[in-house]
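Descriptive analysis of the structure
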Protein chains: 2
Amino acid sequence: MEVTRRNFKECLDTVYSAIEEADFLAIDGEFSGISDGPNVSALTNGLDTPEERYTKLKKHSMDFLLFQFGLCTFKYDQTRSKYIIKPFNFYVFPKPFNRTSPDIKFICQSSSIDFLASQGFDFNKVFCNGIPYLNQEEEAQLREQTEERRNQHANGIGTPSYISPSSSKGPAHVPEEHKVFINRVMFQRKLIYQTLNWKFPKGLHVETIETERKERYIQVSKVDEEERKKREQQKLEREQEELNDAVGFSRVIHAISKSAKLVVGHNMLLDVMHTIHQFYCPLPEDLPDFKEVTMCVFPRLLDTKLMASTQPFKEQITNTSLAELEKQLKESPFRSPQVETAEGFPSYDTAQEQLHEAGYDAYITGLCFISMANYLGSFLTPPKAYISSRSKLIEPFFNKLFLMRIIDIPYLNITGPDLQPKRDHVLYVTFPKEWKTSDLYQLFSAFGNIQVSWIDDTSAFVSLSQTDQVQIAMNTSRYAESYRIRTYAEYIQGKQDKEKSGQT
Amino acid sequence: MEVTRRNFKECLDTVYSAIEEADFLAIDGEFSGISDGPNVSALTNGLDTPEERYTKLKKHSMDFLLFQFGLCTFKYDQTRSKYIIKPFNFYVFPKPFNRTSPDIKFICQSSSIDFLASQGFDFNKVFCNGIPYLNQEEEAQLREQTEERRNQHANGIGTPSYISPSSSKGPAHVPEEHKVFINRVMFQRKLIYQTLNWKFPKGLHVETIETERKERYIQVSKVDEEERKKREQQKLEREQEELNDAVGFSRVIHAISKSAKLVVGHNMLLDVMHTIHQFYCPLPEDLPDFKEVTMCVFPRLLDTKLMASTQPFKEQITNTSLAELEKQLKESPFRSPQVETAEGFPSYDTAQEQLHEAGYDAYITGLCFISMANYLGSFLTPPKAYISSRSKLIEPFFNKLFLMRIIDIPYLNITGPDLQPKRDHVLYVTFPKEWKTSDLYQLFSAFGNIQVSWIDDTSAFVSLSQTDQVQIAMNTSRYAESYRIRTYAEYIQGKQDKEKSGQT
Ligand SMILES: Nc1nc2c(ncn2[C@@H]2O[C@H](COP(=O)(O)OP(=O)(O)O)[C@@H](O)[C@H]2O)c(=O)[nH]1
Ligand SMILES: Nc1nc2c(ncn2[C@@H]2O[C@H](COP(=O)(O)OP(=O)(O)O)[C@@H](O)[C@H]2O)c(=O)[nH]1
């Protein structure tokens, strides 16, 4: 089901009940770009620590927009032994809510845009009809503003008609040439409100109306007491509704979060980071705080890319990219899960690839999860063909998010400290920027097989095959002038020292 | 005429001849945003110097994308006493040309996007079908690469199949897991080329073909010498055409530039800056260098907003925004110009506003220019109803670009030094951030009418109505603790000192 600003409100109950009844949820996001700094392969290093990786993604990925959000709910029908699915494809855009709302800027990366375009992505649905949203702080601010206006109004002070949140100086930011005019209008409006309140304390209902075309006028109606109360009540409700409209798509994320259901994604670290960043709060500085926030928003996550890269799937699955994974999980020893699209939802056909519509990717991700979960059941005695998302068998995969291209740390552990692989065999080498990989191979030719992980133009990690070679390499390099070798431990120490001195 | 990637090549000759035959050209751009820093009114200060304004716009506006370019050509038909117009609406997008081309990132501002959406802007035309482009340096680089590949090929070295321009280390940036595979493919390709060249020095034509789906394969054909030459020639032509395709929309700007025709725009500083930045070169650091580049790209500019704000139009025209200006220039003492849309071009109807499609805005801008130019003819004896774009009467308006919201400098003078208005009556005041405009009014209440131009939270310019009040204000403030007053001259001096010490 495609959801835009046009049909969001009428779809919301359907979304809520789909989440409510589901056994688990699958999600996927499409972004306006991936990295605003170096390209992805230069950004990520095979020997990043989880902290380093988090910091890099936070710095170079969060200014892009998550503009399509796919949600697919899966509910198991016991009697028919199949899953009933409800897929949703939400288009999301930070349309300014009113004159005082923040004017969001976001980055687009032409390669990402071009990729989506080649997949038939409809940008007009995002930019013209995207569902607006607010994060928690913006929502709180707006509630406060509404509250304040209501109180002022109740006290007969009138509505302050020009608030600029970006400036504590209010009218100072009005363009010079309009200042006199705006001040006059504000003053007139105030005068009208006050005079009316004073002259007709009861018999009038006064209201500022804003038309579609942003023209504002004051509507004065003569009413009896009962009618007046009714209108006030209606106004309150309308304000509440406007507030809800502004919170917009965030309400869907809140519902997912509140449900505390299992949320499945494929290679979902960026999806999780973007979702929190856009709909909850700016990402915390440090990784432990990020983990804490993540657990509040998504108490139970499962990453199918991590699952597919782990025992007992690792041996069976040669390519863990989503499209390939889905194909492999249709073949023996795995089995395609039995699913059926709920009535009223357009059904996806996996034979006819529709990749990179977020709703479809979420659906496929859910299928992969079911196949893998059920495969785990085949090891039971007696074997079980259906494994529920609440089964103990899948608990080992909870809250571990796949870390791309890190050699020795497969996942980010959201519920605890991360793995700390030994990196005793790793050297940190610095050299002139003319060096190429072949220079490093030559330098270490005596040590057999090495692995090079570039950091930047003038440094790289070199992993030796044996740890006891490290000391030899260190010794032979002692008098070298063009390059320098440090152990991995020295490198980390140096980095920490630098951070400390930077902080004080 | 709407021009996208789909029909660009077949339209190009029409565009070229329209420019060639025109008496003058009108242009307009639509951007993905205006300011990535403070909002426009906070960014611009009424007492900016032209240098400051240029620096601010360069810093806060150039990361947006110019994604729609309007061009309307105007050719005067003597015999029928009317202009024949050809309007074009180009959609522009930096689609990556191949694997080695730069991956452009640009910012979108939600208010600007939302505004365009409300005007019915078609974002798919930009993002899916926008015409690509290269600036001069990118073009030169691509030509060099093509040349190099051709030479290598001629020498039988084979095509290097993986070049990453962002890294001098080549294969080092290939994801770890693909390295072995890619190196093998490269090696195989090289081997095939070399063996074939050696075994069949003449009788074969060998070529790497890339399909739409980015799959590459080697095509080997057995041919005689003549056929071989013909194919080599065809290949050369194809390469040349691919190069031209990559230069794309920049070719239109080159044609405008080469024609050296009068280019008319409305409030066109940002249009000019974006056009140069996107299609020629990154903007220079300093204003004088910008002026020089501008004169190379657009030797003759005219800004209708500046024209409308200058004698003898200033008195007649109350609102110089484009839509309003166009309306006023239809009424006495002005006259609607006689224009006709050339055959084969869809005609615009000015009664039915279509504002903010760049092609339409360019058209309207041209109309405004003609009305104003002809009005100047009414002062001649005998009066003339038609004033050509080559008339001496409009020369005073050449190469002066309107400066928005600067109190005492109406325009940026592209062909010489800027106006240096006296600012002897201006004070630079610093104060605690709690201060509001009213505090400043109170502080200077003894001096009659003042004008406040906010700089930031803790400083503002205050213009006094009389210069001789400056000394009094300075004296009375001598012992003040909460605020500080400097003369404008002192402020400028301090700024220059700071810049100097920053540079050394
Ligand atoms: N650097 C970095 N890039 C990522 C990350 N997640 C996704 N990407 C980028 O997004 C692309 C698509 O990822 P996705 O489809 O989710 O996973 P895949 O199909 O398994 O490669 C990847 O090839 C990366 O370029 C991440 O955590 N770090
Ligand atoms: N700060 C700044 N903003 C500009 C400039 N040019 C255009 N803008 C912004 O773009 C908007 C539309 O400009 P435009 O339609 O070209 O001129 P207008 O119709 O005369 O206001 C303005 O209201 C400004 O917000 C400039 O030189 N400086």
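A brief structural summary. Computed from a predicted model, the values in this text were never measured in an experiment.

Residues and elements named next belong to chain A. In the vicinity of ligand 1, the residues found are Ile34, Val40, Thr44, Leu57, His266, Asn267, Leu270, Lys305, Ser321, Leu322 and Met404. Between ligand 1 and the protein, one listed contact pairs an oxygen atom with a side-chain N or O atom of Asn267 at 2.9 Å. Between an oxygen atom of ligand 1 and a side-chain N or O atom of Lys305, the distance comes to 2.5 Å. Taken by itself ligand 1 offers 560 Å² of open surface, and the protein chains cover 75% of this. The residue inventory of the shell around ligand 1, partitioned by class, reads six nonpolar, four polar and one charged.

Tallying each qualifying case throughout the model produces 47 salt bridges over all chains. One salt bridge in this structure joins Lys95(A) and Asp114(B), with 3.1 Å as the shortest N-O distance. Of the two residues, Lys95(A) is situated in the loop between β4 (82-91) and β5 (105-109) and Asp114(B) in helix α4 (residues 110-118); the pairing between them involves two chains. Here Lys95(A) falls in the partly exposed class, since its relative accessible area comes to 28%. We classify Asp114(B) as buried; its relative accessible area is 15%. Asp122(B) is the salt-bridge partner of Lys125(B), the closest N and O atoms lying 3.7 Å from each other. Three or more residues joined by partner-sharing salt bridges are found here, namely Asp77(A), Arg80(A), Lys82(A) and Glu340(A).

So, on to the interface of chain A and chain B. Taken together, the contacts link 46 residues of chain A with 46 residues of chain B. Each partner contributes to the roughly 3,700 Å² buried at the junction of chain A and chain B, and carbon and sulfur atoms together form 51% of this total. Applying the counting criterion to the chain A and chain B interface returns two salt bridges. Applying the counting rule to chain A against chain B returns 23 residue pairs in polar contact (both at pLDDT 80 or more). Put simply, the parts of the chain that give the side of chain A that touches chain B at least two residues each are α2 (40-43), β5, α4 (110-118), α5 (123-127), α7 (176-199) and β14 (450-456) of chain A. Grouping the amino acids of the side of chain A that touches chain B by side-chain chemistry returns 19 nonpolar, 13 polar and 14 charged. Pairing geometry for β5(A) and strand β5 (residues 105-109) of chain B, over five bridges, is antiparallel. Along β5(B), the bridge assignment pairs Lys105(A) with Gln109(B).

Turning chain A through 180 degrees and shifting it by 0.0 Å along the axis lays it on chain B, with an RMSD of 0.1 Å. What the rotation and shift describe, once combined, is the action of a two-fold rotation axis. The C-alpha atom lying nearest the rotation axis in chain A is that of Ile107(A); the distance is 2.1 Å.

Another aspect to go through is the packing of aromatic side chains. Note on aromatic pairs: each is described by the distance of the centres and the angle between the planes. Residue and element names in this part refer to chain B. Enumeration over the complete set of coordinates arrives at 79 aromatic pairs over all chains. Considering the side-chain rings of Phe313 and Phe334, the 6.2 Å spacing of their centres and the 25 degrees angle between planes classify their relative orientation as stacked. In this pair, Phe313 is assigned in the loop between α12 (304-308) and α13 (322-328) and Phe334 in the loop between α13 and β10 (339-341), connecting sequence segments 21 residues apart. An identical accessibility class is assigned to Phe313 and Phe334; each is buried.

Moving on to the side chain of Asp303(B). All names here are of chain B. Take Asp303: it is sitting in strand β9 (residues 301-303). For the buried residue Asp303, which engages in no salt bridge, the nearest side chain bearing the opposite charge is Lys305, 7.8 Å off. Here Met268 takes part through its backbone nitrogen, which lies 3.1 Å from a polar atom of the side chain of Asp303. The contacts of Asp303, once residues within four sequence positions are left out, are Gly265, His266, Asn267, Met268, Lys400, Leu401 and Phe402.

Take the sheet that holds strand β15 (residues 459-464) of chain A next. All names here are of chain A. With respect to topology, four strands assemble into an open sheet ordered β14-β15-β13-β16, the strand pairing being antiparallel. Either end of the sheet is taken by a strand with one partner, and the two such strands are β14 and β16 (484-487). Mean inter-strand twist for the sheet, computed between neighbouring axes without regard to direction, equals 25 degrees. Bridge count between β14 and β15: six bridges; the pairing is antiparallel. Bridge assignment links Ile450 to a residue of β15, and that residue is Leu464. Contacts from helix α16 (residues 469-476) reach β13 (426-430), β15 and β16, with the element oriented near 150 degrees to β16.

This part is about the site of ligand 2. All names here are of chain B. Neighbouring residues of ligand 2: Ile34, Val40, Thr44, Leu57, His266, Asn267, Leu270, Lys305, Ser321, Leu322 and Met404. Its free accessible area being 560 Å², ligand 2 has 75% of it covered by the protein chains. Among the residues making up the shell around ligand 2, the classes are represented as six nonpolar, four polar and one charged.

For the rest of this paragraph, the subject is the nonpolar core. Phe90(A), Phe123(A), Phe290(A), Phe90(B), Phe123(B) and Phe290(B) are the most contacted members of the largest nonpolar core, which totals 131 residues. Once residues within four sequence positions are removed from consideration, Phe123(B) is found in contact with Phe123(A), Asn124(A), Phe127(A), Cys128(A), Phe67(B), Ile113(B), Leu116(B) and Ala117(B).

Put simply, Thr381(A) and Pro382(A) share a cis peptide bond, and its omega is -5 degrees. Residue position: Pro382(A) is located in the loop between α14 (358-377) and β11 (400-402). Unusually for a residue other than glycine, Ser81(A) sits at a positive phi of about 50 degrees. The residue Ser81(A) is located in the loop between β3 (66-77) and β4 in this model. Assessed through its relative accessible area of 42%, Ser81(A) is described here as partly exposed. The residue Ala260(B) is not glycine, and still its phi comes out positive at about 55 degrees. Checked against the element boundaries, Ala260(B) lands in the loop between α9 (250-259) and β8 (262-265).

This part takes up the sheet that holds strand β14 (residues 450-456) of chain B. All names here are of chain B. Overall, antiparallel pairing links the four strands, which are arranged β14-β15-β13-β16 in an open sheet. Since the sheet does not close on itself, it has two edges, and those belong to β14 and β16 (484-487), each with one partner. Sheet twist, expressed as the mean angle between neighbouring strand axes with direction ignored, is 25 degrees. Relative to β16, strand β13 (residues 426-430) is paired through four bridges, and the arrangement is antiparallel. Across the sheet, the residue bridging to Leu427 is Thr487, located in β16. Packing of helix α16 (residues 469-476) onto the sheet brings it into contact with β13, β15 (459-464) and β16, and relative to β16 it is tilted by some 150 degrees.

Cut-offs applied
- Residues numbered from 1 in each chain as written.
- Chains lettered and ligands numbered in written order.
- Predicted model: local features only at pLDDT ≥ 70, side-chain atom pairs only at ≥ 80, totals over all residues.
- Heavy atoms only, no water.
- Near = heavy atom within 4 Å.
- Polar contact = N/O pair within 3.5 Å; in protein donor to acceptor, adjacent residues only side chain to side chain.
- Areas by Shrake-Rupley, 256 points an atom, 1.4 Å probe, with all protein chains shown as cover.
- Nonpolar A, V, L, I, M, F, W, Y, C, P; charged D, E, K, R; others polar.
- Salt bridge = Lys/Arg side-chain N within 4 Å of Asp/Glu carboxyl O.
- Helix = DSSP H or I, 4+ residues; strand = E, 2+ residues; numbered from the N terminus.
- Buried < 20%, exposed > 50% of the residue type's maximum accessible area, 1.4 Å probe, protein only.
- Contact = heavy atoms within 4.5 Å.
- Buried area = accessible area lost by both parts, 1.4 Å probe.
- Pairing = 2+ DSSP bridges.
- Least-squares fit on C-alpha atoms with pLDDT ≥ 70 in both.
- Phe/Tyr/Trp six-rings, centres within 6.5 Å; stacked < 30°, edge-to-face > 60°.
- Lys, Arg positive; Asp, Glu negative; His and termini not counted.
- Axes fitted to C-alpha atoms, helices over the stretch in contact; angles between N-to-C directions.
- Core = buried A, V, L, I, M, F, W, Y, C linked by side-chain atoms within 4.5 Å.

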